[in-house]
Amino acid sequence: MNQPVITLWSDAQYFSPWVMSVYVSLMEKGVPFTLETVDLEQQANLNPTWPGYGVTRRVPLLEIDGFALSESSAIDEYLEERFAPPTWERLYPFDREKRAQARQLQAWIRSGLVGLRAARPTDVIFAAARRPPLDESVQREVNSLFSLAQSLLAQGSQNLFGEWCIADSDLALMLNRLVMHGDTVPPRLAEYAGFQWQRASVQRFVALSAKAAAG
């Protein structure tokens, strides 16, 4: 069987948390892919010749054998089905209810926590940027994040559902918006985020961002 031709499109700085989610998924699956960038600051994503123009005009964009798909959680789930376990590595928990919880967490991280994402954008992670202290409304979002994360993380576990899944990487990045900025984070969650951040697939994405910043 011929290998599918896969291209992942990222922002030029590799700052997108959603690109990171798909990049990690592809690396964990172990499928060969080509990485391309589109300059969002120059609005290159609005050029009709860009492959993502006919989709959502956002990154990440996955191209696979002529099929284009945007939105990271949709891509993650597509990759899990296209390159299904047990032949390929698993991205989501085996247990149906835990799998649903992982998808629930991914959806909430993407649709909620708007204030936190604005107050602690990913340049605090990838470029050591500094931002003003959190206001009361954002702190309420932070408290909700801590509460949900602690409820999902079993005592003594280094993964949310007893085994690594892509939601671990997504949650670790959200927590690291705070950890790496020096904000107060419960020690158990800071340790969890630090552990997940050392995963090889995550560190390879971090290295891409560092290389882009170095020119």
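About the criteria used
- Every chain is numbered on its own, with residues counted from 1 as its sequence reads.
- Given that the model is predicted, a residue must reach a pLDDT of at least 70 before its local features are reported, and side-chain atom pairs must reach 80 or more before they are shown or counted; all residues, however, enter totals for whole chains, interfaces and linings.
- Heavy atoms throughout the structure, all of them, feed into the side-chain values; hydrogens and water do not.
- Note on classification: 1.4 Å probe, protein chains only; a residue is buried when its accessible area is under 20% of the maximum for its type, exposed when over 50%, partly exposed between these limits.
- Runs of E in the DSSP output that reach at least two residues are strands. Runs of H or I that reach at least four are helices, and both are numbered from the N terminus.
- For two strands to be treated as a pair, DSSP must find no fewer than two bridges joining them.
- Orient the strands so they point away from the viewer; a crossover is then right-handed if the path from the first strand over the helix to the second runs clockwise.
- Domain start and end points were adopted from an automatic or database domain assignment.
- We call two residues in contact when some of their heavy atoms are within 4.5 Å.
- Two parts lose some accessible area (1.4 Å probe) when they are put together, and adding that loss for both gives the buried area.
- UniProt positions are given in the numbering used here, feature names are shortened, and annotations may be inferred rather than shown by experiment.
- Here an angle of 0 to 180 degrees is reported between the N-to-C directions of two axes, which are lines fitted to C-alpha atoms, with helices fitted over the stretch in contact.
- An angle counts as roughly parallel when it lies under 35 degrees, as roughly antiparallel when it exceeds 145, as roughly perpendicular when it falls between 65 and 115, and as oblique in every other case.
- Crossing handedness follows the turn of the near helix against the far one: under a right angle anticlockwise gives a left-handed crossing, and clockwise gives a right-handed one.
- Note on residue classes: Ala, Val, Leu, Ile, Met, Phe, Trp, Tyr, Cys and Pro are nonpolar, Asp, Glu, Lys and Arg are charged, and everything else, Gly too, is polar.
- Here a salt bridge means any side-chain nitrogen of Lys or Arg lying within 4 Å of a carboxyl oxygen belonging to Asp or Glu.

Let us look at the pairing of strand S1 (residues 6-11). Burial analysis of S1 places six of its six residues in the buried class, the great majority of the element. Summarising the sheet, S1 and strand S3 (residues 61-64) pair through four bridges and their orientation is antiparallel. Across the sheet, the residue bridging to Thr7 is Glu63, located in S3. Here S1 pairs with strand S2 (residues 34-38) via five bridges, running parallel. Bridge pairing in S2 links Leu8 to Leu35. On the question of chirality, the crossover connecting S1 to the parallel S2 by way of helix H1 (residues 17-29) is right-handed.

Here the protein is described as being made up of domain 1 (6-89) and domain 2 (96-201). For domain 1 versus domain 2, the distance between C-alpha centres works out to 22 Å. Counting residues at the interface gives 15 residues for domain 1 and 18 residues for domain 2. Taken together, both faces of the contact between domain 1 and domain 2 bury some 1,400 Å²; the carbon and sulfur share is 65%.

Moving on, we get to the UniProt feature "domain: GST N-terminal" (unreviewed entry) in the protein. Following the UniProt record, the feature "domain: GST N-terminal" (unreviewed entry) maps to residues 4-87 here. Secondary structure content for residues 4-87 is 29% helix and 23% strand, while the C-alpha to C-alpha distance between its ends is 16 Å.

A few words on the packing of H1 against helix H9 (residues 200-214). The N-to-C vectors of H1 and H9 enclose an angle of 130°; their axes lie 9 Å apart at closest approach. With respect to H9, the element H1 is oriented oblique. The handedness of the crossing between H1 and H9 is right-handed. Listed contacts from H9 to Val19, Met20, Tyr23, Val24, Met27 and Glu28 of H1 are Ser201, Val202, Arg204, Phe205 and Leu208. The class makeup of the residues in the contact of H1 with H9 is eight nonpolar, one polar and two charged.

It is possible for side chains bearing opposite charge to pair when their charged atoms get close. Under the counting rule described, the total for this entry stands at 10 salt bridges. Residue Arg58 pairs with Glu71 through a salt bridge whose shortest N-O separation is 2.8 Å. In this pair, Arg58 is assigned in the loop between S2 and S3 and Glu71 in the loop between strand S4 (67-70) and helix H2 (72-82), connecting sequence segments 13 residues apart. On the basis of relative accessible area, Glu71 is assigned to the partly exposed category, the value being 31%. Ionic pairing is found between Glu136 and Arg140, a salt bridge with its closest N-O pair at 3.4 Å.

What follows is about H2. Taken residue by residue, H2 has Ser72, Ile75, Asp76, Tyr78, Leu79 and Glu80 as its buried positions. Buried residues in H2 make contact with H1, S3, S4, helix H3 (96-111) and helix H7 (166-179).

Before going further, it helps to spend a moment on the environment of Met27. By secondary structure assignment, the location of Met27 is in helix H1. Each C-alpha atom, one on Met27 and one on Ala129, is 27 Å from the other, the two residues being 102 residues apart in sequence. With sequence-adjacent residues up to four places away left out, Met27 is seen in contact with Phe33, Ser201 and Arg204.

Attention now goes to the packing of H1 against H7. Orientation of H1 relative to H7, taken along the N-to-C sense of each, is 145°, at an axis distance of 10 Å. Classified by chirality, the crossing of H7 by H1 is right-handed. On the side of H1, the interface is formed by Pro17, Met20, Ser21, Val24 and Ser25, while H7 contributes Ile166, Ser169, Asp170, Leu173 and Arg177. Across the contact of H1 with H7, the residue classes break down as five nonpolar, three polar and two charged.

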